[in-house]
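Below, each chain spelled out in residue letters.
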Amino acid sequence: MQDLGRSYLRRAFDAGDLSKPLLLEQPFSLRVDGLRLTGRIDRVDRHSDGSYEVIDYKTGSAKRAAELQRDLQLGVYALAAREVFRFDPLSLSYYYLETSERVTVDKPQDRLDEDRQTIVKVAEGIRAELFVARPDRMKCGGCDFRLLCPSAAV
Ligand code: SF4
């Protein structure tokens, strides 16, 4: 991870991208229908047009923007950025360190409403201790519990 970080910084420096972030490793505490969610946003940039961009650094291969529309982590960041920090207009990006790809998505209000409902549903499941297995060949292949898990797909 440190090597990835170093090579990211080197590439940014070589490309002349020395823009200063507005926030780094910013903690947040967000309320969603009586639940409290806490987390940390890797980076927030403020662009010259006054818009904000939340950036999360990722390892692994990049996903397409269409796949990330329903990404709940980005949904939580978007809710925190809008409701806690009042960042508007806002875009959200995953920056993939291995490939230097930046995938940016927009989370319109209807998508955020869906994310809010999903958060409430997930919390209800956790409270009821409902942990339904969702086997997937790719995920199970790298899972430490695959030899014990009765639902493993490998
Ligand atoms: S092996 Fe079981 S616990 Fe691991 S990812 Fe697959 S379904 Fe989930």
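Everything that follows concerns the structure shown earlier in this document.
Quick notes on the rules
- Residues numbered from 1 in each chain as written.
- Predicted model: local features only at pLDDT ≥ 70, side-chain atom pairs only at ≥ 80, totals over all residues.
- Pairing = 2+ DSSP bridges.
- Helix = DSSP H or I, 4+ residues; strand = E, 2+ residues; numbered from the N terminus.
- Axes fitted to C-alpha atoms, helices over the stretch in contact; angles between N-to-C directions.
- Contact = placed C-beta atoms within 7 Å.
- Near = placed C-beta within 6 Å.
- Nonpolar A, V, L, I, M, F, W, Y, C, P; charged D, E, K, R; others polar.
- Core = buried A, V, L, I, M, F, W, Y, C linked by C-beta atoms within 7 Å.
- Buried ≥ 20, exposed ≤ 12 C-beta atoms within 10 Å, placed from the backbone.
- Expected span 1.5 Å × (residues − 1).
- Parallel < 35°, antiparallel > 145°, perpendicular 65-115°, else oblique.

Undergrad: Explain the sheet that holds strand S2 (residues 35-46) here, please?
TA: Each strand in a sheet pairs with another by means of backbone hydrogen bonds, the pair being arranged parallel or else antiparallel. Across the sheet, which stays open at both edges, the five strands sit in the order S1-S2-S3-S4-S5 with mixed pairing between neighbours. Whereas interior strands pair on both sides, the edge strands pair on one side only; in this sheet they are strand S1 (23-32) and strand S5 (101-105). Averaged over neighbouring strand pairs, the angle between their axes works out to 40° when direction is ignored. When S1 meets S2, the two strands line up antiparallel, connected through nine bridges. Each residue of the ladder has a partner; that of glutamine 26, found in S2, is isoleucine 41.

Undergrad: What exactly am I supposed to notice about the environment of leucine 72 here?
TA: Tracing the backbone shows leucine 72 in helix H3 (residues 72-84). Sequence-wise, leucine 72 and aspartate 115 are 43 residues apart; in three dimensions their C-alpha atoms are separated by 6.3 Å. If sequence neighbours within four positions are ignored, leucine 72 has contacts with Asp115 and Thr118.

Undergrad: For this particular structure, what's the right way to read the site of the ligand?
TA: Taken together, the residues surrounding the ligand are Ala133, Pro135, Lys139, Cys140, Cys143, Phe145, Arg146, Cys149, Ser151, Ala152 and Ala153. Residue composition of the shell around the ligand, by class: eight nonpolar, one polar and two charged.

Undergrad: What is the right way to read the nonpolar core from this model?
TA: Nonpolar side chains in soluble globular proteins generally cluster together in the buried interior. By size, the foremost hydrophobic cluster in this structure holds 14 residues, and its most contacted members are Val54, Leu74, Tyr77, Ala78, Ala80, Ala81 and Leu92. Among the elements that make up this core, the one with the highest residue count is H3 (seven residues). Residues contacting leucine 92, with those up to four places away along its chain left out, are Val54, Leu74, Tyr77, Ala78, Thr104, Val105 and Lys107.

Undergrad: Any chance you could explain H3 here in plain terms?
TA: Note: α-helices contain 3.6 residues per turn, so residues at a spacing of three or four share the same orientation. Taking 1.5 Å as the rise per residue, H3 with 13 residues should run 18 Å; its terminal C-alpha atoms sit 17 Å apart, in good agreement. Three or more residues of H3 are buried, namely Leu74, Gly75, Val76, Tyr77, Ala78, Leu79, Ala80 and Ala81. With its phi angle positive at about 60°, arginine 86 sits one or two positions after the end of H3.

Undergrad: In this structure, what is going on with the environment of aspartate 88? I would like to understand it.
TA: For aspartate 88, the position within the fold is in the loop between H3 and strand S4 (90-96). On the neighbour-count criterion, aspartate 88 (10 C-beta atoms within 10 Å) is exposed. Between the alpha carbons of aspartate 88 and tyrosine 52 there is a distance of 6.5 Å; along the sequence they are 36 residues apart.

Undergrad: For this particular structure, what's the right way to read helix H4 (residues 109-127)?
TA: Relative to the 27 Å expected for 19 residues at 1.5 Å per residue, H4 spans 27 Å between its end C-alpha atoms, a close match to the ideal helical length. Looking one or two residues beyond H4, the residue adopting positive phi is glutamate 129, at roughly 55°.

Undergrad: Please clarify how the packing of H3 against H4 should be interpreted in this entry.
TA: When two helices pack together, their arrangement is given by the angle between their axes and by how far apart the axes lie. Packing of H3 against H4 leaves a shortest axis separation of 10 Å and a crossing angle of 110°. Put simply, H3 runs roughly perpendicular to H4. Judged by residue contacts, Leu72, Gly75, Ala78 and Leu79 of H3 engage Leu112, Asp115, Arg116 and Thr118 from H4.

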